[in-house]
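One letter stands for each residue in the lines below.
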Amino acid sequence: MNKFPVLEIFGPTIQGEGMVVGRKTMFVRTAGCDYSCSWCDSAFTWDGSAKHDIERLTSEEIVTRLIDTGGEQFDHVTISGGNPALLKNLHELIVPLHERGIEVALETQGSRWQEWFTQIDDLTISPKPPSSGMKTDWNILDDILIRLEGADRLQNTSIKVVIFNKEDLSYAEKVHERYPNVPFFLQVGNDDLEENEAGTLASHLLDQYEWLIDQVVASSKLNKVRVLPQVHALVWGNKRGV
Ligand SMILES: C[S@@+](CC[C@H](N)C(=O)[O-])C[C@H]1O[C@@H](n2cnc3c(N)ncnc32)[C@H](O)[C@@H]1O
Ligand SMILES: Nc1nc2[nH]cc(C(=O)O)c2c(=O)[nH]1
Ligand code: SF4
Ligand SMILES: [Mg+2]
């Protein structure tokens, strides 16, 4: 049996971001990332700070843990990380969830392809803008979107770009121009990961949201798009496991 490095299993909560924002869901957060974004809100998945909390679980153990944690109060699981696309055999988790009538979502940055992407119900690809310090490999991203289109999975796919500044906005325009047929989301960047007062953070993030709305409204290249905050950050601040 293959084992998967897992850092957190939590929920039910709501999907706070992107294409199915508000959807009641459980989360499985895998450990390890091929990126190291300067503003990563889940850096504990790759920076070594939580390495003693990583559990190596089989898909059966993950399903059991999900049911122990969520009971009968869920029918949707979001796999995030870190980058879950580093894991070759995640179909071993997707198949038994589908057999139970549970939908499966994925959060990934679009740096790696896996065949099991075609089995994901809600697939979010989140290429990283300049503020992250990461560089997009456009050949890989093109290849992923061509494969998804070839498998007729574009209805299940979205692109989500996090925005911190005007340079990021130009990057987002470029991404949207390159993949005009893929549902496109712009997300408010959280630049205050140290704030532990949820109300203080929410007030700041709402100002950032207003700024982002103003920018998108003014852009002729960002028309067929959606602009969203991280709803979980507005409600619970920087708390982990929500
Ligand atoms: C923690 S990542 C894990 C999945 C995958 N590595 C990725 O980046 O898509 C999940 C989502 O959170 C977003 N994110 C990470 N840090 C953020 C921040 N400080 N503010 C807003 N969104 C952030 C990422 O861009 C990504 O869309
Ligand atoms: N509620 C909630 N929604 C989320 N959407 C994406 C998340 C992530 O960290 O990938 C996340 C998360 O950590 N919590
Ligand atoms: S790709 Fe995702 S998990 Fe990896 S460092 Fe960037 S935001 Fe964090
Ligand atoms: Mg998060």
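The protein chain has the name 7-carboxy-7-deazaguanine synthase in an unreviewed UniProt entry, where Halobacillus aidingensis is given as its organism. Under Subunit (unreviewed entry), UniProt gives the following word-for-word description of the protein chain: "Homodimer." The Pathway (unreviewed entry) comment attached to the protein chain in UniProt states, word for word, "Purine metabolism; 7-cyano-7-deazaguanine biosynthesis."

Before going further, it helps to examine the site of ligand 1. As a matter of local geometry, ligand 1 sits amid 22 residues, with W39, Q109, S126, K128 and N190 nearest to it. In the model, a nitrogen atom of ligand 1 is placed 2.8 Å from a nitrogen or oxygen of the W39 main chain. Contact between ligand 1 and T108: an oxygen atom at 3.3 Å from a main-chain N or O atom of the residue. Protein contacts shield 95% of the accessible area of ligand 1, which totals 540 Å² for the unbound molecule. At the level of elements, β5 (103-108), β7 (157-163) and β8 (184-188) are the ones that each hand at least two residues to the shell around ligand 1. Considering only residue class, the shell around ligand 1 consists of 6 nonpolar, 11 polar and 5 charged.

The subject of this paragraph is the UniProt feature "binding site: [4Fe-4S] cluster" (unreviewed entry) in the protein chain. Per the UniProt entry, the sites bearing "binding site: [4Fe-4S] cluster" (unreviewed entry) are C33, C37 and C40 in this numbering. Turning to its location among the elements, C33 is positioned in the loop between β2 (24-30) and β3 (55-57). Exposure remark for C33: the relative accessible area of 25% places this residue in the partly exposed category. If we ignore the near neighbours within four places in the chain, the residues touching C33 are W46, G82, N83, L86 and Q109.

Moving on: the site of ligand 2. Every residue lining ligand 2 is accounted for by F10, I14, Q15, G16, E17, F27, R29, S80, E107, H232 and V242. A distance of 2.6 Å separates an oxygen atom of ligand 2 from a polar atom in the side chain of S80. Here a nitrogen atom of ligand 2 sits 2.7 Å away from a polar atom, N or O, in the main chain of V242. Relative to its free-state accessible area of 320 Å², ligand 2 is covered by the protein chains to the extent of 93%. Of the residues assigned to the shell around ligand 2, the class counts are 4 nonpolar, 4 polar and 3 charged.

Rules behind the numbers
Residues numbered from 1 in each chain as written. Chains lettered and ligands numbered in written order. Predicted model: local features only at pLDDT ≥ 70, side-chain atom pairs only at ≥ 80, totals over all residues. Heavy atoms only, no water. UniProt positions renumbered as here; feature names shortened; annotations may be inferred. Near = heavy atom within 4 Å. Polar contact = N/O pair within 3.5 Å; in protein donor to acceptor, adjacent residues only side chain to side chain. Areas by Shrake-Rupley, 256 points an atom, 1.4 Å probe, with all protein chains shown as cover. Helix = DSSP H or I, 4+ residues; strand = E, 2+ residues; numbered from the N terminus. Nonpolar A, V, L, I, M, F, W, Y, C, P; charged D, E, K, R; others polar. Buried < 20%, exposed > 50% of the residue type's maximum accessible area, 1.4 Å probe, protein only. Contact = heavy atoms within 4.5 Å.

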